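Listed below are the residues making up each chain.
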Amino acid sequence: ILKRNLKNSIAHMNQVLMDSLAACGDVNRNVMCTVLPEASEVHAEVVATAQAVGEHLLPKTTAYHEIWLDKKRVVDSKGEVVPDHEPIYGATYMPRKFKIAFAIPPRNDVDVYAHDLGFVAIVEGGEVVGYNVTAGGGMGASHGDPVTYPRLASVIGFCTPQQVIEVTEAIVTIQRDFGDRSERKHARFKYTIDDRGLDWLHDELESRLGYRLPEPRAFEFTHNGDQVGWQQTSDGMWHCVLFIQNGRLADREGATQLTGMREIAGIHQGEFRLTPNQNVVISGVTAEQRPAIDQLLQAHGLDSWNRQTPLRLHSMACVGFPTCGLSMAESERYLPDLVTLIEQQMEKHGLQQQAITIRMTGCPNGCARPYLAEIGLVGKGPGLYNLHLGAAFNGSRLNTLYRESVYEEDILSELDTLFASYAAERQANETFGDFLLRSGVVADAGLQQEGAA
Ligand code: SF4
């Protein structure tokens, strides 16, 4: 969106009942959750809870409406402006952005351990009996600055569905009160926890809640990323998760995906949803409408999930150059070509059907969550990347730095050697990340969380 069109765009978004309030800034951001509430009653309940948390943490300020929607400022009887009252954020908001996600095992499609606060649904007898609470996740780091680092969220306890809002508010206000406001690079919740310790967090939480969180319950994550393709839910509706490589819809030679999406939007009666993995869901399609949408998917190459390798389906890149001013290296524009080269290597070793998570970012801020990928590439300079290896496939273990400042040639040569060993020595169903850890290629940094496959 060009800058001069921004106000108009936000006004139009408002007309269709969407907003970007709290989409950035030192505030709780959009709460992430499954994109398919129709999948089951459990999914619907968890989505509703995630939405309630998001609503509860929305800033009460009227500034958004005043700036973007020409709303008049609220004045009292004397004509004086009534100041905003923020019951949770107070006058100074959060020390830094704050992110929350809800996951429903066995899918960790939101990368719950990457968030400041997470809730993992515990389902027994087909009902959500509560949530394991995770705290202190975050991806961002800076090159050459060891006091900044990615951190995997800690599983700190269990709460009932009725306690979710109060637990959220207690955690958010703890970070509001104790987060570092003097150094932005040290202001995320992960640093507050590491500086003060998990015991301190438990004590502080208890003092605000009036009770201590009980032990977390058992659960298992087996997957990361989206389940692409068509799914039918019990209400008879169809939903199609499209693989959109690195989230970039465009018309390219051989695949007019952008035109195709516009044509589908012209006939689709349901919703479009964006997934936490850069994909798009065409949701709420009737059996009668499906053939017409299928035809458009095929005509415009939007059915590409059928033809991609598991590696590509599990690839993700941030925008990097030229969109992001912080980028040091190519990311979105480069990863597809690198994946093609890695696919050739994997085929050589008979690994073409092996799912491996691979993520790339143009800088260490980690927007595509590269530290949770089995193969993570973090930009350092033009054509130059840090190679991280050994995360868990299900997102429950961070990777570790394997090679610093390597070009494409070195990346491919390192992976070729490792794929050869993996093909020859892996155990049944052993993922690439787990193999690298077991075989000592990367060290166990002690970062595994519950939920490993
Ligand atoms: Fe920009 Fe990518 Fe760095 Fe995020 S990770 S700040 S999108 S270059």
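Let us look at the structure shown here. (Residues numbered from 1 in each chain as written. Predicted model: local features only at pLDDT ≥ 70, side-chain atom pairs only at ≥ 80, totals over all residues. Heavy atoms only, no water.)

### Re a negative patch on the surface
Together, D337, E408, E409 and D410 line one region of the surface with negative charge. Looking at where D337 falls in the secondary structure, it is placed in helix α10 (residues 335-348). (Patch = residues over 30% accessible without salt bridge, like charges linked within 9 Å, V, L, I, M, F, W, Y side chains within 5 Å. Areas by Shrake-Rupley, 256 points an atom, 1.4 Å probe, with all protein chains shown as cover. Salt bridge = Lys/Arg side-chain N within 4 Å of Asp/Glu carboxyl O. Lys, Arg positive; Asp, Glu negative; His and termini not counted. Charge placed at Lys NZ, Arg CZ, Asp CG, Glu CD. Helix = DSSP H or I, 4+ residues; strand = E, 2+ residues; numbered from the N terminus.)

### Brief notes about the sheet that holds strand β11 (residues 271-274)
Taken together, 4 strands build an open sheet; the order of strands is β7-β8-β12-β11 and the sheet is antiparallel. Edge positions in the open sheet fall to β7 (229-232) and β11, since each of these has one partner strand only. Each neighbouring strand pair of the sheet contributes to a mean axis angle of 20 degrees, computed without reference to strand direction. Summarising the sheet, strand β8 (residues 238-242) and strand β12 (residues 280-285) pair through 5 bridges and their orientation is antiparallel. Along β12, the bridge assignment pairs L242 with V280. Along the sheet face, helix α7 (residues 257-267) touches β8, β11 and β12 and points at about 140 degrees away from the line of β11. (Pairing = 2+ DSSP bridges. Axes fitted to C-alpha atoms, helices over the stretch in contact; angles between N-to-C directions. Contact = heavy atoms within 4.5 Å.)

### Quick notes on the pairing of β12
Within β12, 6 of the 6 residues are buried, which leaves it mostly tucked inside the rest of the structure. In this sheet, β12 lies alongside β11 in antiparallel orientation, the contact comprising 4 bridges. Within the sheet, the bridge partner assigned to F272 lies in β12 and is I282. (Buried < 20%, exposed > 50% of the residue type's maximum accessible area, 1.4 Å probe, protein only.)

### Thoughts on helix α8 (residues 290-299)
Within α8, the full set of buried residues consists of R290, I293, D294, L296 and L297. Taken around the axis of α8, the buried residues stretch over an arc of 165 degrees, which confines them to a single face. Exposed positions of α8 whose direction lies more than 90 degrees from the buried face are P291, Q298 and A299. Elements in contact with the buried residues of α8: β7, β8, α7 and β12. Directly beyond the C-terminal end of α8, a positive phi value near 70 degrees is found at G301. (Arc of directions from axis to C-beta.)

### A short note on helix α2 (residues 41-56)
Compared with an ideal rise of 1.5 Å per residue, which puts 16 residues at 22 Å, α2 spans 22 Å between its outermost C-alpha atoms and is within 8% of the ideal. Taken residue by residue, α2 has V42, V46, V47, T49, A50, V53 and G54 as its buried positions. The arc enclosing the buried residues of α2, seen along the axis, measures out at 160 degrees, which places them on a common side. Relative to its buried face, α2 has exposed residues pointing more than 90 degrees away, namely E41, Q51 and E55. Those residues of α2 that are buried are in contact with β1 (100-103), β3 (117-124), β4 (127-135) and α4 (164-178). Near the N-terminus of α2, the side chain that reaches the backbone nitrogen of V42, with its oxygen 3.2 Å away, is that of S40. (Expected span 1.5 Å × (residues − 1). Polar contact = N/O pair within 3.5 Å; in protein donor to acceptor, adjacent residues only side chain to side chain.)

### Details of the pattern of salt bridges
Within this structure, the stated rule accounts for 24 salt bridges. Of the charged contacts, one joins E204 and R208 as a salt bridge, the two residues approaching to 3.0 Å between their closest N and O atoms. With a gap of 4 residues between them, E204 and R208 both fall in helix α6 (residues 198-209), about one helical turn apart. The class for E204 is buried, based on a relative accessible area of 16%. Taking relative accessible area as the criterion, R208 reaches 31% and is therefore assigned partly exposed. Put simply, D303 and R307 hold a salt bridge, and the shortest N to O gap is 3.1 Å. Residue R307 is classed as exposed on the basis of its relative accessible area of 52%.

### Some words on the side chain of N386
One can find N386 in strand β16 (residues 384-389). Within the structure, the side chain of N386 is placed 2.9 Å from the backbone nitrogen of S405, a separation counted as a polar contact. In this structure N386 touches H143, G376, L377, V378, K380, L401, R403, E404 and S405, once residues within four positions along its chain are discounted.

### Some remarks on the sheet that holds strand β5 (residues 154-159)
Strands belonging to one sheet form pairs held by backbone hydrogen bonds; the direction of such a pair is parallel or antiparallel. One open sheet holds the 4 strands; their spatial order is β1-β3-β4-β5, and the pairing between them is mixed. Two strands in the sheet have a free side with no partner beyond their single neighbour: β1 and β5. Strand-to-strand twist across the sheet, computed as the mean angle between neighbouring axes with direction ignored, equals 25 degrees. Sheet topology note: the β1/β3 ladder contains 4 bridges and is parallel. Within the sheet, the bridge partner assigned to A103 lies in β3 and is V120. In the packing of α2 onto the sheet, the strands contacted are β1, β3 and β4, and the crossing angle to β4 comes to about 45 degrees. Here α6 sits on the sheet in contact with β4 and β5, set at roughly 25 degrees to β5.

### Considering the environment of P370
Residue position: P370 is located in the loop between β14 (358-361) and β15 (375-381). Judged by relative accessible area, which is 0%, P370 ranks as buried. Residues P370 and R262, 108 residues apart in the sequence, show an inter-C-alpha distance of 31 Å. Not counting residues up to four positions away in its chain, the partners in contact with P370 are R359, T361, G376, L377, V378 and N399.

### Quick word on the site of the ligand
C318, V319, C324, L326, S327, T361, G362, C363, N365, G366 and C367 make up every residue found near the ligand. For the shell around the ligand, the residue count by class is 6 nonpolar, 5 polar and no charged. (Near = heavy atom within 4 Å. Nonpolar A, V, L, I, M, F, W, Y, C, P; charged D, E, K, R; others polar.)

### A look at the environment of V155
Its location among the elements puts V155 in strand β5. When the C-alpha positions of V155 and F119 are compared, they lie 9.3 Å apart, and in sequence the two are 36 residues distant.

### A short note on the packing of aromatic side chains
Remark: the centre distance and the inter-plane angle together describe each pair of aromatic rings, the angle taken between the planes. For the structure shown, the criterion picks out 14 aromatic pairs. Aromatic pair F98 and F189: ring centres 5.9 Å apart, planes at 45 degrees, arrangement tilted. Here the residue F98 occupies a position in the loop between α3 (63-68) and β1, and F189 occupies one in helix α5 (residues 189-196), the gap between them amounting to 91 residues. Classification of F98 as buried rests on a relative accessible area of 1%. With relative accessibility at 0%, the residue F189 sits in the buried group. For the pair Y334 and Y385, a centre-to-centre distance of 5.7 Å together with 25 degrees between the ring planes defines the contact as stacked. (Phe/Tyr/Trp six-rings, centres within 6.5 Å; stacked < 30°, edge-to-face > 60°.)

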